[in-house]
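Now for the letters of each chain:
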Amino acid sequence: MNKIPVIIDCDPGTDDTMALILANKIENFDLLAVTTVAGNVICDYTFQNARNVLSYIGAEHVPVYKGAAKPMMRELKTAPHVHGVDGLAGVELPQSSAPVETEAAWDAIYRIAKEQNGELVLIAVGPMTNVALALTKYNDLPKYIKRIVIMGGAAIGGNVTPAAEFNIYVDPEAAELMFTSGIPIVMCGLDVTMKAYLTDAEIERIGSMGSKEAKLFHDVEQKALGFYRTLGMNYVAAHDPTAVLFASDDSIFTGEEAGVHVETKGKLTLGKTVTDLYSDAQFDDHFVFIVTDVDRDAFVKKVTQLMESYS
Ligand code: RIB
Ligand code: CA
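Residues numbered from 1 in each chain as written. Chains lettered and ligands numbered in written order. Predicted model: local features only at pLDDT ≥ 70, side-chain atom pairs only at ≥ 80, totals over all residues. Heavy atoms only, no water.

Chemist: Explanation requested: the site of ligand 1 in the structure shown.
Modeler: Close to ligand 1 lie 13 residues, the nearest being D15, N159, E165, N167 and D240. One of the side-chain N or O atoms of N159 is found 2.8 Å from an oxygen atom in ligand 1. Expressed as a share of its isolated accessible area of 280 Å², the protein-covered part of ligand 1 is 96%. Secondary-structure elements contributing two or more residues to the shell around ligand 1 are helix 1 (14–23), helix 6 (166–170) and helix 12 (239–248). Looking at the shell around ligand 1 residue by residue, the class counts come to three nonpolar, five polar and five charged. (Near = heavy atom within 4 Å. Polar contact = N/O pair within 3.5 Å; in protein donor to acceptor, adjacent residues only side chain to side chain. Areas by Shrake-Rupley, 256 points an atom, 1.4 Å probe, with all protein chains shown as cover. Helix = DSSP H or I, 4+ residues; strand = E, 2+ residues; numbered from the N terminus. Nonpolar A, V, L, I, M, F, W, Y, C, P; charged D, E, K, R; others polar.)

Chemist: For this particular structure, what's the right way to read the packing of helix 12 against helix 13 (residues 296–308)?
Modeler: Helix-helix packing is described using two parameters, namely the angle between the two axes and the distance between the axes. Where helix 12 contacts helix 13, the axes come no closer than 11 Å and their chain directions differ by 90°. Overall, the two elements helix 12 and helix 13 adopt an arrangement that is roughly perpendicular. Touching P241, T242 and L245 of helix 12 are F299, K302, V303 and L306, all from helix 13. Of the residues belonging to the contact of helix 12 with helix 13, the class tally is five nonpolar, one polar and one charged. (Axes fitted to C-alpha atoms, helices over the stretch in contact; angles between N-to-C directions. Parallel < 35°, antiparallel > 145°, perpendicular 65-115°, else oblique. Contact = heavy atoms within 4.5 Å.)

Chemist: I tried to follow the nonpolar core on my own but got confused; where do I start?
Modeler: Here is a general trend for soluble globular proteins: nonpolar side chains tend to be buried in one another's company. Counting 66 residues, the largest nonpolar core has I8, I123, L198, F299 and M307 as the members making the most contacts within it. Per-element accounting of this core gives the leading share, six residues, to helix 1. Those residues within four positions of I8 in sequence are excluded, and the remaining contacts are L20, A23, L31, A33, V34, T35, I123, V125 and V244. If you look at the next biggest cluster of nonpolar residues, it comprises 38 residues, including Y65, L135, I185 and L277. (Core = buried A, V, L, I, M, F, W, Y, C linked by side-chain atoms within 4.5 Å. Buried < 20%, exposed > 50% of the residue type's maximum accessible area, 1.4 Å probe, protein only.)

Chemist: When you look at a nonpolar patch on the surface in this model, what are you seeing that I'm missing?
Modeler: A grouping of I42, Y45 and V85 is seen on the molecular surface, where their side chains present a nonpolar patch of about 290 Å² in accessible area. Turning to its location among the elements, Y45 is positioned in helix 2 (residues 43–56). Under the relative-accessibility criterion, Y45 is labelled partly exposed at 36%. (Patch = residues over 30% accessible without salt bridge, like charges linked within 9 Å, V, L, I, M, F, W, Y side chains within 5 Å. Salt bridge = Lys/Arg side-chain N within 4 Å of Asp/Glu carboxyl O.)

Chemist: Would you explain the sheet that holds strand 5 (residues 145–151) in this entry?
Modeler: Working definition: the strands of a sheet are paired by backbone hydrogen bonds and lie parallel or antiparallel to each other. Strands sit in the order 3-2-1-4-5-6-12-9 across an open sheet of eight strands; the sheet is mixed. With one partner strand each, in any of the chains shown, strand 3 (64–66) and strand 9 (253–258) form the two edges of the open sheet. Strand-to-strand, the axes of this sheet are offset by a mean angle of 25°, without reference to chain direction. Bridge count for strand 2 (residues 29–36) against strand 3 is three bridges, and the pairing is parallel. Among the inter-strand pairings, T35 is bridged to a residue of strand 3, identified as Y65. Relative to the sheet, helix 2 contacts strand 2 and strand 3, its axis offset from that of strand 3 by approximately 175°. (Pairing = 2+ DSSP bridges.)

Chemist: Any chance you could explain the layout of surface pockets here in plain terms?
Modeler: If a probe as big as a water molecule is rolled over the atoms, it shows which places are left empty. In this structure, the largest pocket encloses a volume near 570 Å³. Contributing to the lining of the largest pocket are 34 residues, with V82, N159, F166, Y228 and H239 lying nearest its centre. Considering only enclosed or pocket space, the second largest pocket measures out at about 170 Å³ in volume. In this structure, the second largest pocket is lined by Y45, Q48, N49, N52, D86, L88, V91, E92, L93 and Q95. (1 Å grid on protein atoms, 1.4 Å probe; cavity = no way out; pocket = protein on both sides within 12 Å on 5 of 7 lines; lining within 4 Å. Points joined across faces, edges and corners; volume = space filled by probe spheres on them.)

By themselves, these figures tell us nothing about what the structure is for.
As structure tokens, then:
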């Protein structure tokens, strides 16, 4: 099987943790590295969480590279109400004994992209700060990245404000730099991730599979489930797993090519991914495939199968 060379850039984060647990079992992935960025929680926690999660699930061989401590031009905004202050919703893991990598995330992304001769797929499920810093430092990076699959944005709606999704809102300048890089982008925004949800019963079923990895998958989601229940929802959007599953096999998803740009000045609309998906007025550039729908039954079946492979 020709494996897909992958780097996951993330801000673990509870759904990032689900994404790492799933990615570790995806057969057509060659997970070359994980890079971490400040987002859900501060960068010290996202870095350590990624290291500890990978070691806990038997993937301590995957190097983790630490990235940006704050957005390019703004102060950091975190999401402790969903992920806890520590980023794992209070779940405690053994400290990883893997070697601590000292290469910066943006340098590792560029180095590995060149090593992969343009075949690298970058899955970015946190604020796009590391991606933007890599693009800023290495202006030939676009020719070495096949595509970037992101969890971020929304053609319609928002979560951190009515207009913006968290990953884009935290660093809108970085996101705009990524969208205008010329690299093909797949945007798994709220349009699809709110449809790619797992119910509390489905998460309970995973939690009862018996492996420690399945229990971790279940346990990290309990705080988020509690938060969503305050909104009247008995399910949790599997935001970051959506991007990972799309990168592996897009057959259960649908979407359309579109132009996307990010509002970086708006008072009410800061961080909005402005798309021409539903507009007669079209942007000149259409580098983005916006994912708009998913076969949720197939999604849940895939998640369940991957989690069963830990048993
Ligand atoms: O809006 C959801 C996104 O923001 C997810 O990636 C979550 O982990 C947070 O980073
Ligand atoms: Ca994330």
